[in-house]
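Per-entry structural report
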Amino acid sequence: MTVEIVRGVGPSGIDVAYERFGDPRLPPVLLVMGLGMQMLGWPDGFCSELVARDLRVIRFDNRDVGLSTHLNDAPSPDVAAALSGDTSTASYTLSDMAADAVGLLDALEIENAHVVGVSMGGMIAQTIAIEHPERVRSLTSIMSTTGDRAVGQGTPEAFGALLSPPASTREGAVDRAIAIFRAIGSPGFEFDEADLRERSALMYDRADDPLGVGRQLLAIFASGDRTARLGSVSAPTLVIHGASDPLIDVSGGRATAQAVAGAELVTIDGMGHDLSGCHT
């Protein structure tokens, strides 16, 4: 597929890089990726499966990753302070990232879409459904949580892997990605190291921006608890979560489903914090 870039998106006026799959006359699915992951985090085969089910697919780079705008002039994110509750160095919130996604729909002249988000992308998708309900045909929140710190907490090992020091070389960055996904991935499914190495190298070549990832992380911390506001969501909602997720515990998925009236919860045995379990 050919990457396209639309300029001046949303209230922030950023550039958003995206790809489209499938017949433009078919119902649209907007795929929202997670922390630090570019649109390539949605495997081509996953997108093809959706297209085979008579859907058109849009995947895109969130701000601060890939080929979308990087806020290089923003304050340096203080992750350590944020972990202690001080989010004063946050440059934006999940609401801003949700507005980016809605701005992309505007630019593509899409009135509403099935919105699917994974991890941080699930948080963004939830925020779209809360703040822009008319744009959401359905909501699918995968391995995500509500923002309530009492649920969805990961293991120290998984969080430590995610916060490991950034690499200084291409090879190191790929090795770091492998180490992270070995720590947070799905114990019940095959670990495809070759595919992950290839995609990690491609993502490094497109853009390597550890500070951008830090800014995304602070957006999560600065956005607070969505539980009460999720009660306003009226779109049909599906929550998918791995029973073996070490990064966002399955309690986060259960809390999300409980917060949205009529939501369906699907728990997948052997699935961790990756999309392996969603390919079956």
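Residues numbered from 1 in each chain as written. Predicted model: local features only at pLDDT ≥ 70, side-chain atom pairs only at ≥ 80, totals over all residues. Heavy atoms only, no water.

So, about the overall build of the chain. Broken down by element type, the chain carries 10 helices and eight strands. Computed over C-alpha atoms, the radius of gyration of the chain comes to 17 Å, within 12% of the 19 Å expected from 2.2 N^0.38 for 280 residues, which places it in the range of a compact globule. Burial statistics for the chain: of 280 residues in total, 52% are counted as buried. Contacts spanning at least 24 positions in sequence make up 75% of the contacts within the chain whose residues lie at least 6 apart. When the accessible surface of the chain is split by element, carbon and sulfur atoms take 51% of a total near 11,900 Å². (Helix = DSSP H or I, 4+ residues; strand = E, 2+ residues; numbered from the N terminus. Rg over C-alpha atoms; globule rule 2.2 N^0.38 Å. Buried < 20%, exposed > 50% of the residue type's maximum accessible area, 1.4 Å probe, protein only. Contact = heavy atoms within 4.5 Å. Areas by Shrake-Rupley, 256 points an atom, 1.4 Å probe, with all protein chains shown as cover.)

Attention now moves to the nonpolar core. General note: in soluble globular proteins, nonpolar side chains tend to be found buried as a group. L30, L31, W42, L104 and I142 are the most contacted members of the largest nonpolar core, which totals 73 residues. Ignoring any residue separated from it by four or fewer positions in sequence, one finds W42 in contact with L31, V32, M33, C47, R59, V116, V118, R199 and L275. (Core = buried A, V, L, I, M, F, W, Y, C linked by side-chain atoms within 4.5 Å.)

Under the definition given, this model contains one aromatic pair. Over the ring of Y92 we find R63; its NZ or CZ atom is 4.6 Å from the centre of that ring. (Phe/Tyr/Trp six-rings, centres within 6.5 Å; stacked < 30°, edge-to-face > 60°. Lys NZ or Arg CZ within 6 Å of the ring centre and 35° of its normal.)

Running from N to C, helix α3 (residues 94-107) and helix α4 (residues 120-131) cross one another at 75°; their axes reach a closest spacing of 8 Å. In this view, α3 runs roughly perpendicular relative to α4, as classed from their interaxial angle. Judged by residue contacts, L94, S95, M97, A98, A101 and V102 of α3 engage M120, M123, I124, T127, I128 and E131 from α4. Taken together, the residues that form the contact of α3 with α4 break down as nine nonpolar, two polar and one charged. (Axes fitted to C-alpha atoms, helices over the stretch in contact; angles between N-to-C directions. Parallel < 35°, antiparallel > 145°, perpendicular 65-115°, else oblique. Nonpolar A, V, L, I, M, F, W, Y, C, P; charged D, E, K, R; others polar.)

Within the secondary structure, T146 is located in the loop between β6 (136-142) and α5 (156-162). On the accessibility criterion, T146 (0% relative accessible area) is buried. For T146, the contacting residues outside a window of four places in its chain are Q126, V151, G224, D225, R226, T227, L230, G252, A255 and T256.

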